[in-house]
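Fold and geometry: a report
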Amino acid sequence: MAKVAFLGLGVMGFPMAGYLAKNGHEVTVYNRTRAKADAWVAKHGGRAAATPKAAAEGAAIVFSCVGDDPDLRAVTVGADGAFAGMAAGTIYVDHTTASANIARELHAAAAKKGIHFIDAPVSGGQAGAENGTLTVMCGGDAAPFETAKPVIAHFAKAVTLLGPPGSGQLTKMVNQVCIAGLVQGLSEAINFGLKAGLDMKQVLDVIGKGAAQSWQMDNRGKTMIDDKFDFGFAVDWMRKDLRITLEEAQKNGAKLPVTEIVNGYYGEIQQMGGGRWDTSSLIRRLRKS
Ligand SMILES: NC(=O)c1ccc[n+]([C@@H]2O[C@H](COP(=O)([O-])OP(=O)(O)OC[C@H]3O[C@@H](n4cnc5c(N)ncnc54)[C@H](OP(=O)(O)O)[C@@H]3O)[C@@H](O)[C@H]2O)c1
């Protein structure tokens, strides 16, 4: 069992770190808002540290799950950042959804100190984190990945190395492009069916057994019909992910016409006060008219 650290005990990080403790690892946690770290220690044992650097000292693997690029930079190379506390040969695994650029940048900064950096964004949402069934998409070097993989697997159903630094983040972008277009299509379909006077719950039961089936249809279709949007991944986070993706597309020349349009629609949802609604709230734009 390894000595590990976990930085960022939000909706995702809190349960993920919990799985490390439940599987016998000696866990030191850090959270910017100290109360959450104290609550985690009260629930799982272990230790809370005052800074990322203090949490990372003596850890074989340091995990993080914070918000965006600047937050990740703060907990790694910022004042009292984790890298300053890590020994050569140790591994940093970042579960934040961030840009591929920062993953490459931190991989290089870590390498200068002999630290291995793995970008490892996740999909599966809050439920995946709480049930320990996340899908983890990794970029980095093979040897440290193989060392970290069985530890990450405590909160994941799939842990895969997809290529060099940044590849995990690029894979997560592909994931979000798939979801953005699909949720808009599902929104249009449900709104159309409701306007046509169909019993849309029955319709989804029927077409969900055929080629139109999707995770979004199975898990969000009926709550979209019920106009309920309190089911995990928030619009604010989606906009961050789509911004990162569209920036990457500008660099690699990929055309993302539907994603660009849906990103604008999510902007409208934010203006309607829906920043914290889940991503299936795209249908709200259609139903208000
Ligand atoms: N929620 C989901 O369903 C989901 C699914 C897949 C991926 N993700 C991704 O996972 C990441 C975390 O999401 P979440 O839902 O767990 O978010 P969250 O609940 O808002 O938690 C964010 C965490 O990051 C910390 N943090 C933010 N800025 C920081 C900074 N500058 N310095 C230090 N700590 C900082 C926060 O500390 P405080 O407690 O002090 O605010 C908190 O612990 C995001 O990149 C998100 O896109 C989320």
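Residues numbered from 1 in each chain as written. Predicted model: local features only at pLDDT ≥ 70, side-chain atom pairs only at ≥ 80, totals over all residues. Heavy atoms only, no water.

Notes on the overall build of the protein
Where we set the bar: For the purposes of this entry, the term helix denotes a DSSP run of H or I that reaches at least four residues, the term strand denotes a run of E that reaches at least two, and both are numbered from the N terminus. We take the radius of gyration over the C-alpha atoms and set the globule estimate at 2.2 Å times the residue count to the 0.38 power. Buried, partly exposed and exposed residues are distinguished by accessible area as a fraction of the type maximum, computed with a 1.4 Å probe on protein chains only: under 20%, between the cut-offs, and over 50%, respectively. Throughout, a contact is declared for two residues whenever any of their heavy atoms are within 4.5 Å.
Along the protein, the regular secondary structure elements total 13 helices and 9 strands. Its C-alpha radius of gyration of 20 Å places the protein within 12% of the 19 Å reference for a compact globule of 289 residues. When its C-alpha atoms are laid out on the principal axes, the protein stretches across 65 × 45 × 35 Å. When each of the 289 residues of the protein is scored for burial, the buried share is 50%. Taking all contacts inside the protein whose residues are at least 6 apart in sequence as the whole, residues at least 24 apart take part in 65%.

Remarks on the site of the ligand
The condition that has to hold: Nearness of a residue to a molecule or strand requires only that one of the residue's heavy atoms be within 4 Å of it. For this analysis, a polar contact is any N or O atom pair within 3.5 Å, provided that within protein one partner can donate a hydrogen and the other can accept it, and provided that sequence-adjacent residues contribute only side-chain to side-chain pairs. Accessible areas in this description were obtained via Shrake-Rupley with a 1.4 Å probe; residue shielding takes into account the shown protein chains only. Note that Gly is not counted as nonpolar here; it falls among the polar residues with everything else outside the nonpolar set of Ala, Val, Leu, Ile, Met, Phe, Trp, Tyr, Cys and Pro and the charged set of Asp, Glu, Lys and Arg.
Residues in contact with the ligand amount to 23 residues; listed here are only the nearest, Asn31, Thr33, Lys36, Gly67 and Lys240. Gly10 has a polar backbone atom sitting 3.3 Å from an oxygen atom of the ligand. Interatomic distance of 2.6 Å between a side-chain N/O atom of Lys36 and an oxygen atom of the ligand. Relative to its free-state accessible area of 900 Å², the ligand is covered by the protein chains to the extent of 88%. At the level of secondary structure, the elements contributing two or more residues to the shell around the ligand comprise helix H4 (69–76), helix H6 (125–131) and helix H11 (235–252). Among the residues forming the shell around the ligand, the class breakdown is 9 nonpolar, 9 polar and 5 charged.

Side note on the environment of Val206
Summarising the element assignment, Val206 is placed in helix H9 (residues 200–207). Sequence-wise, Val206 and Pro165 are 41 residues apart; in three dimensions their C-alpha atoms are separated by 43 Å.

Details of the packing of helix H1 (residues 13–22) against helix H2 (residues 34–44)
Operational definition: Angles shown run from 0 to 180 degrees and are taken between the N-to-C directions of axes, each axis being a line fitted to C-alpha atoms and, for helices, limited to the stretch in contact. By definition, turning the near helix anticlockwise from the far helix through less than a right angle yields a left-handed crossing, and turning it clockwise yields a right-handed one.
Where H1 contacts H2, the axes come no closer than 11 Å and their chain directions differ by 35°. For the element pair H1 and H2, the recorded crossing hand is right-handed. Every residue of H2 that contacts H1 at Phe14, Ala17, Gly18, Ala21 and Lys22 is listed here: Lys36, Ala39, Trp40, Lys43 and His44. Residues of the contact of H1 with H2, tallied by class, amount to 5 nonpolar, 2 polar and 3 charged.

A look at H11
Spacing of three or four residues puts side chains on the same side of an α-helix, whose turn is 3.6 residues. As a reminder, the rule being used: By definition here, a helix of n residues has an expected span of 1.5 Å times n minus one.
Taking 1.5 Å per residue, 18 residues should reach 26 Å; H11 reaches 25 Å between its end C-alpha atoms and fits that length. Within H11, burial applies to Val235, Met238, Lys240, Asp241, Leu242, Ile244, Thr245, Leu246, Glu248 and Ala249. Here the buried face of H11 lies against helix H5 (100–112), helix H8 (167–195) and helix H12 (257–271). Positive backbone phi, at 85°, marks Gly253, one or two positions downstream of H11.

Section: the pairing of strand E8 (residues 134–138)
Look at any regular strand and the pattern is simple: side chains alternate between the two faces of the sheet. Selection criterion: We call two strands paired when DSSP finds no fewer than two bridges between them. Here a crossover is taken to be right-handed if, once the strands point away from the viewer, the path from the first strand over the helix to the second is traced clockwise.
Within E8, 4 of the 5 residues are buried, leaving the element largely enclosed by the surrounding structure. Summarising the sheet, strand E7 (residues 122–123) and E8 pair through 2 bridges and their orientation is antiparallel. Residue pairing for E8: Val122 is matched across the bridge by Val136. You can see the chain leave E8, run along helix H7 (residues 142–152) and come back into strand E9 (residues 156–161), and the turn it takes is right-handed.

So, the pattern of salt bridges
Between side chains of opposite charge, a pair can form as their charged atoms come close. Applicable threshold: Any carboxyl oxygen of Asp or Glu within 4 Å of a side-chain nitrogen of Lys or Arg constitutes a salt bridge here.
Under the criterion given, the structure shown has 12 salt bridges. Residues Arg284 and Asp227 are paired through a salt bridge, measuring 3.0 Å at the closest nitrogen-oxygen approach. Highlighted residues: Arg284 in helix H13 (residues 283–287) and Asp227 in the loop between helix H10 (215–225) and H11, separated in sequence by 57 residues. Residue Arg284 is classed as partly exposed on the basis of its relative accessible area of 22%. According to the relative accessible area criterion, Asp227 is partly exposed, its value standing at 32%. Across the pair Lys251 and Glu248 runs a salt bridge, and its minimum N-O distance is 3.6 Å. Residue Lys251 and its partner Glu248 are both found in helix H11; the two are separated by 3 residues, about one turn of the helix. On the basis of relative accessible area, Lys251 is assigned to the exposed category, the value being 51%. One salt-bridge network, in which partners are shared between bridges, spans Asp68, Arg243 and Glu247.

Examining the sheet that holds strand E5 (residues 91–94)
Taking strand neighbours across the sheet as the criterion, the 6 strands line up as E3-E2-E1-E4-E5-E6 in an open arrangement whose pairing is parallel. Each edge of the sheet is formed by a strand with only one pairing partner; in this case those strands are strand E3 (47–48) and strand E6 (116–119). Pairing of strand E1 (residues 3–7) with strand E2 (residues 26–30) involves 5 bridges; the strand directions are parallel. Directly across from Lys3, in E2, lies its bridge partner Glu26. Packing of H1 onto the sheet brings it into contact with E1, E2 and strand E4 (61–64), and relative to E1 it is tilted by some 170°. Taken strand by strand, H4 contacts E1, E2, E4 and E5, and its axis lies near 160° from that of E5.

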